[in-house]
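# Remarks on the overall topology
Each chain, written out:
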Amino acid sequence: MDAWELLNIVGSLGFVACLTPQMIRTVRLRRADDLSLVFLILVLLSSVCILLYSLQQRNLIFAAAQGANLVVWGTVLYFKLRPGAAKKAA
C-alpha cells in the first residue's frame, strides 16, 4: 500500500468518525432546527457529485465515506423537515 492510499483510508475513516456525533445528536433529539436548510441541501448535492466521481475513479473507500455522508445528512434533513417524526411513529 502506498502513502496516498493510506491517506485515503485514514482521511475517509476520520471523515466518517466526524459525522458520528452529529448523527447521534440528531437521532437523540429527533430534531435539527439548529442547522441551515441551505447547508443541508448543498452538502447532500455535493456529496452526490463526489460519490459519483469517486465511483467513476474506482475509489471505493472515498465513495463509501460519501455514502456515509449522505446517510447522516439525509437523516439530519429528515429531522429538520419533520422534527420529532420518529417519536410520533413509536
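Read on for a plain summary of the structure. (Residues numbered from 1 in each chain as written. Predicted model: local features only at pLDDT ≥ 70, side-chain atom pairs only at ≥ 80, totals over all residues. Heavy atoms only, no water.)

### Here's the deal with the pattern of salt bridges
Within this structure, the stated rule accounts for two salt bridges. Here R25 ties to D34 by a salt bridge, and the two come within 3.2 Å at their closest N and O atoms. A relative accessible area of 44% means that D34 is categorised as partly exposed. Between D33 and R31 there is a salt bridge, with its nearest N and O atoms 2.5 Å apart. Of the residues examined, D33 reaches a relative accessible area of 53% and is grouped as exposed. (Salt bridge = Lys/Arg side-chain N within 4 Å of Asp/Glu carboxyl O. Buried < 20%, exposed > 50% of the residue type's maximum accessible area, 1.4 Å probe, protein only.)

### Notes on the nonpolar core
Counting residues in each nonpolar core, the largest one holds 10 residues, listed as L19, A32, L35, L40, V43, L44, V72, W73, V76 and L77. Counting residues per element, the ones that place at least two in this core are helix 2 (37–56) and helix 3 (60–81). Looking at this core, the element that brings in the most residues is helix 3, giving four residues. Beyond its immediate stretch of four places on either side in the chain, L40 contacts L35, W73, V76, L77 and K80. (Core = buried A, V, L, I, M, F, W, Y, C linked by side-chain atoms within 4.5 Å. Helix = DSSP H or I, 4+ residues; strand = E, 2+ residues; numbered from the N terminus. Contact = heavy atoms within 4.5 Å.)

### A word on the packing of aromatic side chains
In total, this model carries two aromatic pairs according to the counting rule given. Relative to W73, the ring of F39 has its centre 5.2 Å away and its plane inclined at 90 degrees; by these criteria the two rings are edge-to-face. Residue F39 is found in helix 2, and its partner W73 is found in helix 3; the two are separated by 34 residues along the sequence. Of the residues examined, F39 reaches a relative accessible area of 37% and is grouped as partly exposed. On the numbers, 5.3 Å between centres and 80 degrees between planes, the contact of Y78 with F79 is edge-to-face. Here Y78 falls in the partly exposed class, since its relative accessible area comes to 37%. Relative accessible area serves as the criterion here: at 6%, F79 is assigned to the buried category. (Phe/Tyr/Trp six-rings, centres within 6.5 Å; stacked < 30°, edge-to-face > 60°.)

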